[in-house]
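A structural walkthrough
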Amino acid sequence: MRLSPDELVIWQRGFVVLNSTIVTTWALMLVMTVGARLITRKLKTEGEISRWQGFLEIVVTTIQQQIKEVGLLHPEKYLGFIGTLFLFIAVSNLCAILPLYEPPTGSLSTTTALALSVFVAVSLFGIEEQGLGGYLKSYLKPTFVMLPFNIISEFSRTFALAIRLFGNIMSGTLIVGILLTIAPLIFPIFMDLLGLLTGMVQAYIFSILATVYIAAATRTREA
Amino acid sequence: MDSMTLIAIVSIIVAGVTIAAGSIAPALGEGRAVSTALNSLAQQPDAASTITRTLFVGLAMIESIAIYCLVISMILIFANPFWNHVIAQTTGK
């Protein structure tokens, strides 16, 4: 029983190992980038707008509106990072409907990488907004006794982001695998549907939590 | 009872108890969260989108606790390092 797509090795030479996680991630990146490039080749602002462009516009404006509702005043600055997080996790979880596909987010490596990138991004956005001194001083709020707790909470938030996404997706694929050996007729389909739903919810949760952390780090002090 | 049997027994029992005990509190917490959210939705339907979004974020954080227990349980069953070590010892002998 395979716990994660890391264990399926596709090509290996020396210490360079191409496992299913890496190959699937790059395939997803290729599909999304090429697809987006093809759709945005001829952007139109009036007249007959193609359906794909309308779809992309819905996606982008919805993400922008969600970022603004969380409290970030200039969503354009953060739209690239947060939109990428949401779209990558959502597409990788939605493609679970394809046969012979294992979502790369079901591997602890991918989710740890995403959580680490959120950690770095929160620090960078905080420093950009408040300056290095202001950002470091925010760790001493509300009193300087809270410094170790703030540091611990920073690391545990990152850890929780990684484990939450990994646990949800991995358990979804694992339960379908187990059900296939026990009751293969109808139940795996229901668990597949549940897996799709939780995949979308987890993508939304990951990006909203990233937004909330960035908002907390860039919040200017009340004058 | 040699160490191999002991490791197997303890792993199986602890895996079951972990996920059983670890899902009680998150389930209760999520029930309370949803019921409070429904109350406030009934009182202020205009704030529905904010309430719903905050509800989902809160539910995900509560759910994480159950997910931690699930991950430990899965590791004990499928990727148990102590079991692998003992198996490697017996096959290596």
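Residues numbered from 1 in each chain as written. Chains lettered and ligands numbered in written order. Predicted model: local features only at pLDDT ≥ 70, side-chain atom pairs only at ≥ 80, totals over all residues.

Comments concerning the overall build of chain B
Each helix and strand in chain B was counted, giving 4 helices and 0 strands. The C-alpha radius of gyration of chain B comes to 21 Å, more than 25% above the 12 Å expected for a compact globule of 93 residues. Nonlocal contacts in chain B, meaning residues at least 24 apart in sequence, comprise 83% of its contacts between residues at least 6 apart. (Helix = DSSP H or I, 4+ residues; strand = E, 2+ residues; numbered from the N terminus. Rg over C-alpha atoms; globule rule 2.2 N^0.38 Å. Contact = placed C-beta atoms within 7 Å.)

Observations regarding the overall build of chain A
A tally of regular secondary structure across chain A gives 6 helices and 2 strands. The helix and strand sequence of chain A, counted from the amino end, reads β-β-α-α-α-α-α-α. Principal-axis analysis of the C-alpha atoms gives chain A an extent of 60 × 55 × 40 Å. Burial status across chain A gives 28% buried among its 223 residues. Of the contacts made within chain A by residues no fewer than 6 positions apart, 64% connect residues no fewer than 24 positions apart. (Buried ≥ 20, exposed ≤ 12 C-beta atoms within 10 Å, placed from the backbone.)

Considering the pairing of strand E2 (residues 16–19) of chain A
Residues and elements named next belong to chain A. Sheet topology note: the strand E1 (residues 9–13)/E2 ladder contains 4 bridges and is antiparallel. By the bridge assignment for E2, Trp11 is matched with Leu18. Linking two consecutive strands that pair antiparallel, namely E1 and E2, is a turn of 2 residues; a positive phi of about 70° is found at Gly14 within it. (Pairing = 2+ DSSP bridges.)

Regarding the confidence of the model for chain B
The predicted model of chain B has a mean per-residue pLDDT of 91, with 100% of residues at 70 or higher. Two summary scores accompany this predicted model of the complex, namely pTM at 0.88 and ipTM at 0.79. (pLDDT = per-residue confidence, 0-100.)

Some words on unusual backbone geometry
Its identity is not glycine, yet Leu100(A) carries a phi of approximately 60°, on the positive side. Following the sequence through the fold, Leu100(A) ends up in the loop between helix H3 (75–94) and helix H4 (108–137).

Remarks on the interface of chain B and chain A
With 11 residues of chain B in contact, the opposing surface of chain A contributes 13 residues. Residue classes in the side of chain B that touches chain A are distributed as 10 nonpolar, 1 polar and no charged. (Nonpolar A, V, L, I, M, F, W, Y, C, P; charged D, E, K, R; others polar.)

Topic: the packing of H4(A) against helix H6 (residues 187–218) of chain A
Residue and element names in this part refer to chain A. Interaxial distance between H4 and H6 falls to 8 Å at its minimum, and their mutual angle equals 30°. For the element pair H4 / H6, the angle class is roughly parallel. Judged by the sense of rotation from one axis to the other, the crossing of H4 with H6 is right-handed. For the pair formed by H4 and H6, the contact residues are Val118, Ala121, Val122, Phe125, Gly126, Glu129 and Gln130 on the first element and Ala210, Tyr213, Ile214, Ala217 and Thr218 on the second. For the contact of H4 with H6, a count of residues per class yields 8 nonpolar, 3 polar and 1 charged. (Axes fitted to C-alpha atoms, helices over the stretch in contact; angles between N-to-C directions. Parallel < 35°, antiparallel > 145°, perpendicular 65-115°, else oblique. Left-handed = near helix turned anticlockwise from the far one by under 90°.)

Thoughts on the packing of helix H2 (residues 24–43) of chain B against helix H3 (residues 48–78) of chain B
All names here are of chain B. Packing of H2 against H3 brings their axes to within 9 Å, and their N-to-C directions diverge by 175°. The orientation of H2 with respect to H3, classified from their angle, is roughly antiparallel. Judged by residue contacts, Pro26, Gly29, Glu30, Ala33, Val34, Ala37, Ser40 and Leu41 of H2 engage Ala48, Ile51, Leu55, Gly58, Leu59, Ile62, Glu63, Ile65 and Ala66 from H3. Grouping the amino acids of the contact of H2 with H3 by side-chain chemistry returns 12 nonpolar, 3 polar and 2 charged.

Some words on the nonpolar core
Judged by nonpolar contacts, the single largest core of 38 residues is most densely connected at Leu85(A), Ile89(A), Phe206(A), Ala210(A) and Ile214(A). Contributions of two or more residues to this core are made by helix H2 (51–70), H3, H4, helix H5 (147–182) and H6 of chain A together with H3 of chain B. No other element matches H6(A), which puts 9 residues into this core. Residues contacting Phe206(A), with those up to four places away along its chain left out, are Leu85(A), Ile89(A), Leu161(A) and Leu165(A). (Core = buried A, V, L, I, M, F, W, Y, C linked by C-beta atoms within 7 Å.)

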